[in-house]
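If you want the building blocks of each chain, they are given just below.
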Amino acid sequence: MRIFSGIQPSGDPHIGNFSGGFRQYAQTQERGEGFFCIVDLHAITITHDPAALRDGTLDIAAMLFATGLDPGRSTVFVQSHVTAHAEAAWLLSSVTGHGQLGRMTQFKERVAEEEFVSAALFTYPVLMAGDILLYRTDIVPIGEDQRQHLELTRDIAQRFNTRYGETFVIPEGVFPETGGRVMNLQEPTLKMSKSRGAESGTVLMLDSPDTIRKKLKTAVTDSGSEVRYDPDEKPGISNLIELMTVVTGKSIQEIEATYEGTGYGRFKEDIAEGIIELLEPIKARYNELRADAAELDRLLALGAEKAREASAPTLARMYERMGFTRP
Ligand code: TRP
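Here we summarise the structure given alongside this text. (Residues numbered from 1 in each chain as written. Predicted model: local features only at pLDDT ≥ 70, side-chain atom pairs only at ≥ 80, totals over all residues. Heavy atoms only, no water.)

Moving on, we get to the nonpolar core. Formed by 51 residues in total, the largest nonpolar core has its most connected members in Leu64, Leu216, Phe267 and Ile275. The element contributing the most residues to this core is helix H12 (residues 264-290), with 10 residues. Formed by 39 residues, the second largest nonpolar core is a distinct cluster that contains Met104, Ile132, Ala307 and Leu315. (Core = buried A, V, L, I, M, F, W, Y, C linked by side-chain atoms within 4.5 Å. Buried < 20%, exposed > 50% of the residue type's maximum accessible area, 1.4 Å probe, protein only. Helix = DSSP H or I, 4+ residues; strand = E, 2+ residues; numbered from the N terminus.)

Attention now goes to the packing of aromatic side chains. Taken as a whole and assessed by the stated rule, the structure comprises 11 aromatic pairs. When the ring of Phe35 is compared with that of Tyr135, the centres are 4.9 Å apart and the planes differ by 35°; the resulting orientation is tilted. Of this pair, Phe35 sits in strand S2 (residues 33-38) while Tyr135 sits in the loop between helix H7 (119-134) and strand S4 (139-141), placing them 100 residues apart in sequence. Each member of the aromatic cluster is reached from another via a ring pair, and the members are Phe4, Phe35, Phe77 and Tyr135. A cation sits over an aromatic face here: Arg147 above Phe175, 3.9 Å from the ring centre. (Phe/Tyr/Trp six-rings, centres within 6.5 Å; stacked < 30°, edge-to-face > 60°. Lys NZ or Arg CZ within 6 Å of the ring centre and 35° of its normal.)

Our focus in this paragraph is empty space enclosed by the protein. Considering all chains together, one arrives at one cavity of 30 Å³ or more under this definition. Estimates place the volume of the largest cavity at around 40 Å³. With four residues, the top contributor of residues to the lining of the largest cavity is helix H13 (residues 293-321). Of the residues in the lining of the largest cavity, the class split is five nonpolar, two polar and one charged. (1 Å grid on protein atoms, 1.4 Å probe; cavity = no way out; pocket = protein on both sides within 12 Å on 5 of 7 lines; lining within 4 Å. Points joined across faces, edges and corners; volume = space filled by probe spheres on them. Nonpolar A, V, L, I, M, F, W, Y, C, P; charged D, E, K, R; others polar.)

Counted by the stated rule, this structure contains 19 salt bridges. A salt bridge links Arg290 to Asp59; the nearest nitrogen and oxygen atoms lie 2.6 Å apart. Placement of Arg290 in helix H12 and of Asp59 in helix H3 (residues 50-66) is noted, with a sequence separation of 231 residues between them. You can call Arg290 partly exposed: its relative accessible area is 23%. Linking Arg147 and Glu144 is a salt bridge whose minimum nitrogen-to-oxygen distance equals 2.6 Å. We classify Arg147 as partly exposed; its relative accessible area is 39%. (Salt bridge = Lys/Arg side-chain N within 4 Å of Asp/Glu carboxyl O.)

Attention shifts here to the layout of surface pockets. Think of a ball as big as a water molecule: rolled over the atoms, this probe shows where empty space is left. Size it by volume and the second largest pocket reaches roughly 220 Å³. Leu41, Ile44, Thr45, Ala86, Ala89, Trp90, Ser93, Ala120, Thr123, Tyr124, Val126 and Leu127 together form the lining of the second largest pocket. Examining the composition of the lining of the second largest pocket, we find that five residues originate from one element, H7, more than from any other.

See below:
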């Protein structure tokens with residue numbers, strides 16, 4: 001079975017990225033042949049800083065290995081190192097409806113926020129479809145926010161298959177059951193993010209233990225003192241409960257039972273200590289690898305080689321079926 005996911009190379013990964021991303025990748029790699037792609041081509045769809053892109057790409061690569069992706073088993077690579085991705089995006093843009101792209105929620109949200117809206121921002125989902133389809137992917141572990149893009153990918157694949165003959169596997173999304181949507185600790189109605197919401201509400205994976213304790217201590221809770229999961233009535237505490245499921249692997253019910261009658265204070269302290277313990281070994285591996293540029297380069301070159309080999313036959317088939325002469 002083929003597994004594919006793409007990860008944005010924005011620096012400073014936070015616990016929301018861990019919960020909805022890194023954790024899922026390491027788990028799903030056990031289920032088959034995994035391809036994990038650092039999507040640097042996607043990063044230029046909004047105004048970006050070249051130096052930050054370079055650093056962010058290496059930061060994320062180191063974090064993927066530190067959180068458990070095994071280079072002997074999975075293929076971890078950088079999107080721009082494999083030219084098939086840019087080529088596939090162009091070919092697939094011919095079977096993607098302009099109107100379909102205009103209906104993408106993420107695009108509409110970004111348009112409202114960005115000063116400059118690039119053509120690349122509009123065609124972003126086509127590039128993503130190519131990423132997935134090139135590898136004849138069966139499953140795609142992603143966050144809830146990417147559901148619409150995956151639906152579009154399936155649509156594009158079907159349209160291509162109908163027009164040019166069976167070429168692509170139709171991929172399925174795998175969405176995390178809990179912990180897929182960690183919210184900002186200060187503004188629990190906003191998704192945890194590096195760029196939006198209060199900074200003190202975002203727990204970075206490289207934060208020091210003291211910073212983590214402080215951020216948890218000041219996390220917004222709701223009225224009452226009952227540790228009960230109810231996202232509508234109690235968004236703050238429900239978010240913390242979800243975070244606790246990520247940290248301990250326990251279910252929501254187990255956590256509610258453990259903290260019955262103890263109040264919020266103890267609960268918050270325990271989450272902070274749980275996060276610190278979880279991140280300790282990850283940070284150690286990350287720091288070691290991030291400082292070793294030669295080793296990171298070697299691992300990414302190995303990944304690119306494997307990714308080229310896996311995607312080349314699909315790209316060749318696309319060109320052939322669409323009627324291109326080949327050199
Ligand atoms: N769009 C995804 C995100 O923002 C990243 C991504 C790019 C991706 N290509 C992908 C995810 C392919 C899964 C599969 O998170």
